[in-house]
Amino acid sequence: EVSTLELLWGLLGGTGLFLFGVHMMGEGLEKAAGKRLRHILELLTNSPFMGILVGIGITVLIQSSSAATVMVVSFVDAGLLSLGQAVGVILGANIGTTITTQLVALNLTELALPAIGIGFLLFFLARQPREKTLGEVILGFGLIFLGMNIMSASVEPLRDNPFFYTLMGTMGAHPILGVIIGATVTGIIQASSATIGMTIALAGQGIIDLPAAMGLVFGSNIGTTVTALLASVGTSLNARRAALIHFLFNTLGAVIFLPF
């Protein structure tokens, strides 16, 4: 019998490793891309399609739609981007953030330890900055899957917990509850990837069904907009509008798709 404390530490530790891996991988990719990110954003054309592509690219590199959106809000505030350009980048950022979760859903847990080993050796032994950066990316990749593995293993005992089983059943019957839980958790931990990672771990163990999982995913998409909304406090009208568009886009997405 696993104690609640053990379960919580497993979930917390796994989430910590997962987020640290996402951060490390993003940092390595950002170093590899150099200062070109900001330059690309500043030179952005008026085409919303280009904005979407840039938004996807930046979010894949820095592994955080929140960071990309906050960057966009600050650029609009500084007058470097128009509101029209910002909307394209924000839409792209929302697509780019799904790349991490697609990787997680592939369940490459057996690659976790080899990636950590290779990444560690490259990061600590390489002399060239480029090789060091590659090591950082590989190490981050490994940590993401090790974190997922720990999360998944720690939630496994919940399958036999009657209270949790009832709660998840209720969430399956009323996905709106999942939306509220997903939004709250993501709003607190400021990382939709972690909430979706936990959701995948629960679904992988057969603890939650698809409607409940979808509710949590939609909720996490709403919760992730809190960062940009907070960053827009005290900025120009257009910067506040950009943050609000991010919030409305994700909320409307949940409202439109939840009935299906």
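Report follows, based on the coordinates. (Residues numbered from 1 in each chain as written. Predicted model: local features only at pLDDT ≥ 70, side-chain atom pairs only at ≥ 80, totals over all residues. Heavy atoms only, no water.)

**Some remarks on the packing of aromatic side chains**
Applicable threshold: Ring geometry is summarised as follows: Phe, Tyr and Trp rings, the Trp one being its six-membered ring, pair when their centres sit within 6.5 Å, and such pairs are stacked at plane angles under 30 degrees, edge-to-face over 60 and tilted between the two. Here a helix means four or more residues in a row that DSSP labels H or I, a strand means two or more in a row labelled E, and each is numbered from the N terminus. Categorising residues by exposure relies on relative accessible area from a 1.4 Å probe, with only protein chains included: less than 20% of the type maximum marks a residue as buried, more than 50% marks it as exposed, and the intermediate range marks it as partly exposed.
Per the stated rule, a full pass over the model turns up three aromatic pairs. Geometrically, the ring pair formed by Phe-120 and Phe-124 is tilted, given 4.8 Å between the ring centres and 45° between the ring planes. With Phe-120 and Phe-124 both in helix 7 (residues 112-125) and four residues apart, this pair spans about one turn of that helix. Given the relative accessible area of 42%, Phe-120 is considered partly exposed. Take Phe-124: its relative accessible area is 51%, and that puts it in the exposed class. Aromatic side chains Phe-141 and Phe-145 sit 5.0 Å apart centroid to centroid with 65° between the ring planes, which places their arrangement in the edge-to-face category.

**Overview of helix 7**
To keep it simple, the criterion reads: Here the expected span of a helix is defined as 1.5 Å times the quantity of residues minus one. Throughout, the arc means that of the directions going from the helix axis to the C-beta atoms.
In a regular helix each residue adds 1.5 Å, so 14 residues correspond to 20 Å; helix 7 covers 20 Å between its end C-alpha atoms and thus fits that length. Every buried residue belonging to helix 7 is among Ala-112, Ala-115, Ile-116 and Gly-119, and all of these are buried. In an axial view of helix 7, the angular spread of the buried residues amounts to 95°, which keeps them on one side of the axis. Opposite the packed face of helix 7, turned more than 90 degrees from it, sit the exposed residues Leu-113 and Leu-125.

**Some points on the nonpolar core**
Here is the rule we go by: Take the buried residues of types Ala, Val, Leu, Ile, Met, Phe, Trp, Tyr and Cys, join any two whose side-chain atoms come within 4.5 Å, and each joined set is a nonpolar core.
Val-72, Val-73, Val-76 and Ala-242 are the most contacted members of the largest nonpolar core, which totals 18 residues. Sorting the residues of this core by element identifies helix 3 (48-62), helix 4 (65-77), helix 5 (83-96) and helix 14 (237-257) as the ones contributing at least two each. Tallying contributions element by element places helix 4 first for this core, with six residues. Residues Ala-112, Met-148, Met-151 and Ala-191 belong to the second largest nonpolar core, which totals 16 residues.

**Quick notes on the packing of helix 11 (residues 192-204) against helix 12 (residues 210-223)**
What counts, and what does not: Angles here are taken between N-to-C directions and fall from 0 to 180 degrees, while the axes themselves are lines fitted to C-alpha atoms, restricted in helices to the stretch in contact. Roughly parallel means an angle under 35 degrees; roughly antiparallel, over 145; roughly perpendicular, 65 to 115; everything else is oblique. The contact criterion used is simple: two residues touch if any of their non-hydrogen atoms lie within 4.5 Å. Amino acids outside the nonpolar list (Ala, Val, Leu, Ile, Met, Phe, Trp, Tyr, Cys, Pro) and the charged list (Asp, Glu, Lys, Arg) are all regarded as polar, and Gly is one of them.
Between helix 11 and helix 12, whose axes approach to 9 Å, the crossing angle comes to 175°. Of the possible angle classes, the one that applies to helix 11 and helix 12 is roughly antiparallel. Residue-level contacts link Ser-192, Thr-195, Ile-196 and Thr-199 of helix 11 to Ala-213, Leu-216, Val-217 and Ser-220 of helix 12. Per-class residue counts for the contact of helix 11 with helix 12 are four nonpolar, four polar and no charged.

**Focus: the environment of Asn-161**
Within the element layout of this structure, Asn-161 appears in the loop between helix 8 (129-155) and helix 9 (162-173). Residue Asn-161 is classed as partly exposed on the basis of its relative accessible area, which comes to 32%. Sequence separation between Asn-161 and Ile-207 is 46 residues; the distance between their C-alpha atoms is 10.0 Å.

**Looking at the side chain of Thr-235**
Let me state the cut-off plainly: Polar contacts, as used here, are pairs of N or O atoms within 3.5 Å; protein pairs need one atom able to donate a hydrogen and one able to accept it. Residues neighboring in sequence count only if both atoms are side-chain atoms.
As for its position among the elements, Thr-235 is in the loop between helix 13 (226-231) and helix 14. Thr-235 gets classed as buried once you look at its relative accessible area, which sits at 13%. Looking at Thr-235, its side chain comes within polar contact range of the main-chain oxygen of Ser-232, at 2.5 Å. If we ignore the near neighbours within four places in the chain, the residues touching Thr-235 are Asp-77 and Arg-240.

**Thoughts on the packing of helix 10 (residues 175-189) against helix 12**
The condition is simple: In a left-handed crossing the near helix is turned counterclockwise from the far helix by less than a right angle, and in a right-handed crossing that turn is clockwise.
Direction vectors running N to C along helix 10 and helix 12 enclose 40°, while the axes themselves pass 6 Å from each other. Classified by the angle their axes make, helix 10 and helix 12 are oblique. In the packing of helix 10 onto helix 12, the handedness of the crossing is right-handed. Every residue of helix 12 that contacts helix 10 at Pro-175, Gly-178, Val-179, Ile-181, Gly-182, Ala-183, Thr-186 and Gly-187 is listed here: Pro-211, Gly-215, Leu-216, Phe-218, Gly-219, Ser-220, Ile-222 and Gly-223. Of the residues that constitute the contact of helix 10 with helix 12, the class distribution is eight nonpolar, eight polar and no charged.

**Considering the environment of Pro-114**
With respect to the helices and strands, Pro-114 occurs in helix 7. For the pair Pro-114 and Thr-133, spaced 19 residues apart in sequence, the C-alpha to C-alpha distance is 17 Å.

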